[in-house]
Amino acid sequence: MALRDAKAGTRNEAGISAVLGILKQSFGERFQTGQSFREQHAHTTTYIPPQLPDGVLFAESAEDVKMAVSACAAHKVPVIGFGTGSSLEGQVNAVSGGISIDFSRMNRVLEVNPEDLDCTVEPGITREALNIHLRDTGLFFPIDPGANASIGGMASTRASGTNAVRYGTMKDNVLAVTAVTANGEEIRTARRARKSSAGYDLTRLFVGAEGTLGILTSVTLRLQAIPQKIAGGVCAFPSVKGACDAVIMTIQMGIPVARIELLDAVQMRACNTYSGLSYAESPTLFLEFHGTDETVPLQSGAFAEIAAECGGGEFLWTANPEERTKLWKARHDAYWASRALAPGLAALSTDVCVPISRLAACVSETQADIEEHGLLGPIVGHAGDGNFHVLLLFDDKSAEDIARAESFVERLNRRALDMDGTCTGEHGIGQGKMAFLEQELGGSVDLMRQVKQALDPDGIFNPGKIFHQG
């Protein structure tokens, strides 16, 4: 990550002034230009400085979005989609000013098709609200990035999370989207059929585009049946390698684990203190199995044998919903638990992903790097797909500390790329990882620029993200 990639862009002052007047006249109180509203729509959960939009539209329909995009396009003014603001790489910053479209009021479930296991929702609904709505249907949406993010934001950043090892990521679970393009027209990228050979896969073009190609107005999602039985548990290991070996064996043997999370010793210490737990403060796997009354005990038993073979301790598992909820709440609170290790310091959350055969080496080398440079950075990973996160704690008022943090992130990304991995498994590029995208994909980034130019010739959609245009 480098602050040099978070530089301000060129502002179109005349165009912005014109659009502010148009939107205020059209939307009244649903369009706000006050300082506090603007600040709330530029915050990031990282140390990248906020860059405020000039106005915030609280959209309530696709027609609102079309009207706003049309006005912005006519005057060449940037437009940035905003879900819940939980992105980690500066995705919601208004680099060149412009208009933020807040989707919190576009939070309806438009259609549920239980027989087809799919639904269509507006982009502002959060994953937790969606699953509450679905509960009585016996279905659920499995993608769980930790934060209660909006579905539109999750699609835009190609999110994944703890369940990805079994259920995949957003790219696997979005069947179609509708999006407003640069001419103010709303398009639909696909139908609800589970497969299609009809033309380019525009759905996956928009999924992961971070709002740089258009503004999503609906998302059609795959759903899953709520399992008859769910069991969760923990198992401590003497080393990261032992834990990763157990992960690899579990995947290779085809055990249908739903979640398999790796927490290093520092993260376990943080979780114990913050969540009032008493687990061993050593590398630990958190697991969850989904199945039936018959299959879940068999899966849990098979993993216990693997863990023992890899030097792990006793696998403590439970199907009790309250105990399981407490376990996974501790995992989801890992961010806040880590922050509590050093309350006076800022936090930089970063992620990489490598082939799972290289996970142990990558995590071990990263731990050595942290220790060698006197840093504090708990590690937690979605071990089943080789993705892990470091929450680096540092003094963001110190130029020396900032330089050390940025140097660490550069080494981490270089390490992952050297192992044929990626600079981000689920956080996205945003502003923070532009340089690493170039290192990872080289000339392919030029092709991305051509796609951006073709779909957004005036560069109004979330400029200054993923790559610098031109």
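If you're wondering where the values come from, they're calculated on a predicted model, not measured in any experiment.

What counts, and where the lines are drawn
Residues numbered from 1 in each chain as written. Predicted model: local features only at pLDDT ≥ 70, side-chain atom pairs only at ≥ 80, totals over all residues. Heavy atoms only, no water. Helix = DSSP H or I, 4+ residues; strand = E, 2+ residues; numbered from the N terminus. Rg over C-alpha atoms; globule rule 2.2 N^0.38 Å. Buried < 20%, exposed > 50% of the residue type's maximum accessible area, 1.4 Å probe, protein only. Contact = heavy atoms within 4.5 Å. Areas by Shrake-Rupley, 256 points an atom, 1.4 Å probe, with all protein chains shown as cover. Lys, Arg positive; Asp, Glu negative; His and termini not counted. Charge placed at Lys NZ, Arg CZ, Asp CG, Glu CD. Pairing = 2+ DSSP bridges. Axes fitted to C-alpha atoms, helices over the stretch in contact; angles between N-to-C directions. UniProt positions renumbered as here; feature names shortened; annotations may be inferred. 1 Å grid on protein atoms, 1.4 Å probe; cavity = no way out; pocket = protein on both sides within 12 Å on 5 of 7 lines; lining within 4 Å. Points joined across faces, edges and corners; volume = space filled by probe spheres on them. Phe/Tyr/Trp six-rings, centres within 6.5 Å; stacked < 30°, edge-to-face > 60°. Lys NZ or Arg CZ within 6 Å of the ring centre and 35° of its normal. Salt bridge = Lys/Arg side-chain N within 4 Å of Asp/Glu carboxyl O.

### Points about the overall build of the protein chain
In terms of helices and strands, the protein chain carries 17 helices and 18 strands. Computed over C-alpha atoms, the radius of gyration of the protein chain comes to 22 Å, within 12% of the 23 Å expected from 2.2 N^0.38 for 470 residues, which places it in the range of a compact globule. A total of 470 residues make up the protein chain; the buried ones form 55% of that total. For the protein chain, the proportion of contacts with a sequence separation of at least 24, taken over those separated by at least 6, is 73%. Carbon and sulfur atoms make up 52% of the accessible area of the protein chain, which amounts to about 18,900 Å² in all. The protein chain carries 41 positive and 56 negative side-chain charges, and their two centres are separated by 3 Å.

### Here we look at the pairing of strand β6 (residues 118-121)
By the alternation rule, side chains of β6 split into Asp-118 and Thr-120 and Cys-119 and Val-121, which are all buried. Inspection of the sheet shows strand β5 (residues 109-113) paired to β6 by 4 bridges, in the antiparallel sense. Looking across to β6, one finds that Asn-113 is bridged to Asp-118. Count of turn residues in the β5/β6 antiparallel hairpin: 4 residues, of which Leu-117 carries a positive phi of about 55°. Taken together, the 4 bridges between β6 and strand β10 (residues 215-222) define a ladder with antiparallel strand orientation. Directly across from Val-121, in β10, lies its bridge partner Val-219.

### Thoughts on the sheet that holds strand β12 (residues 229-236)
Strand order in the open sheet made by the 7 strands is β15-β12-β14-β13-β17-β18-β16, with antiparallel pairing throughout. Two strands in the sheet have a free side with no partner beyond their single neighbour: β15 (316-318) and β16 (346-353). Sheet twist, expressed as the average angle between the axes of neighbouring strands with direction ignored, equals 15°. Examined bridge by bridge, strand β17 (residues 379-382) and strand β18 (residues 387-394) share 4 bridges and lie antiparallel to one another. Counterpart to Gly-381 in the pairing with β18 is Phe-388. The strands that helix α10 (residues 265-275) touches are β13 (257-263), β14 (284-291) and β17; relative to β13, the one it contacts most, it runs at about 100°. Seen against the sheet, helix α15 (residues 399-418) touches β16 and β18 and runs at an angle of roughly 170° to β18.

### Here we look at the environment of Ala-71
Position of Ala-71 relative to the elements: it lies in helix α3 (residues 62-74). Between the C-alpha atom of Ala-71 and that of Asn-183, which follows or precedes it by 112 residues, the distance is 9.7 Å. Excluding anything up to four places from it in sequence, Ala-71 contacts Val-19, Ile-22 and Leu-23.

### So, the UniProt feature "domain: FAD-binding PCMH-type" (unreviewed entry) in the protein chain
Following the UniProt record, the feature "domain: FAD-binding PCMH-type" (unreviewed entry) maps to residues 49-226 here. The span residues 49-226 is 22% helical and 24% strand by assignment, and the distance between its end C-alpha atoms comes to 41 Å.

### Topic: the layout of surface pockets
Taken as a whole, the second largest pocket holds about 740 Å³ of empty space. Along the wall of the second largest pocket there are 36 residues; nearest its centre are Arg-158, Val-207, Gly-208, Leu-437 and Met-448. Going through the elements one at a time, α7 (170-173), α8 (202-206), α16 (434-441) and α17 (444-455) are the ones with two or more residues in the lining of the second largest pocket. With 5 residues, α17 is the largest single contributor of residues to the lining of the second largest pocket.

### A short note on the side chain of Thr-169
Structurally, the position occupied by Thr-169 is in the loop between α6 (164-167) and α7. Setting aside residues no more than four positions away along its own chain, Thr-169 makes contact with Ile-143, Ala-159, Ser-160 and Ala-164.

### A few points about the packing of aromatic side chains
Scanning the model with the defined rule gives 7 aromatic pairs in all. Their ring planes at 75° and their centres at 4.9 Å tell us that Phe-303 and Phe-315 sit as a pair that is edge-to-face. Of this pair, Phe-303 sits in helix α11 (residues 295-309) while Phe-315 sits in the loop between α11 and β15; the two residues are 12 residues apart in sequence, bridging distant segments of the chain. An angle of 90° between the planes, with centres 4.8 Å apart, marks the rings of Tyr-335 and Trp-336 as edge-to-face. A cation sits over an aromatic face here: Arg-259 above Trp-328, 4.6 Å from the ring centre.

### Topic: the sheet that holds strand β1 (residues 31-32)
Taken in spatial order, the 4 strands of this open sheet run β1-β2-β4-β3, and their pairing is mixed. On the outer flanks of this sheet lie β1 and β3 (79-82), each paired with one strand and no other. By the bridge criterion, 4 bridges tie strand β2 (residues 55-58) to strand β4 (residues 99-102) in an arrangement that is parallel. Along β4, the bridge assignment pairs Phe-58 with Asp-102. Where α3 meets the sheet, it contacts β2, β3 and β4, and its direction lies at approximately 170° from that of β4.

### With respect to the pattern of salt bridges
In this structure the tally under the stated criterion is 31 salt bridges. Salt-bridge contacts for Asp-293 lead to Lys-229; the nearest nitrogen and oxygen are separated by 4.0 Å. Of this pair, Asp-293 sits in the loop between β14 and α11 while Lys-229 sits in strand β12; the two residues are 64 residues apart in sequence, bridging distant segments of the chain. Among the residues examined, Asp-293 registers a relative accessible area of 45% and is labelled partly exposed. Lys-229 sits in the partly exposed class, given a relative accessible area of 21%. As a salt-bridge pair, Arg-324 and Glu-288 come within 3.7 Å of each other at their nearest N and O atoms. Placement of Arg-324 in helix α12 (residues 321-332) and of Glu-288 in strand β14 is noted, with a sequence separation of 36 residues between them. Accessibility classification places Arg-324 together with Glu-288 in one group, the buried group.

### Overview of unusual backbone geometry
The phi torsion at Lys-76 lies on the positive side, around 55°, for a residue other than glycine. Looking at the element boundaries, Lys-76 is found in the loop between α3 and β3. A positive phi angle, close to 55°, is found at Arg-158, a residue other than glycine.

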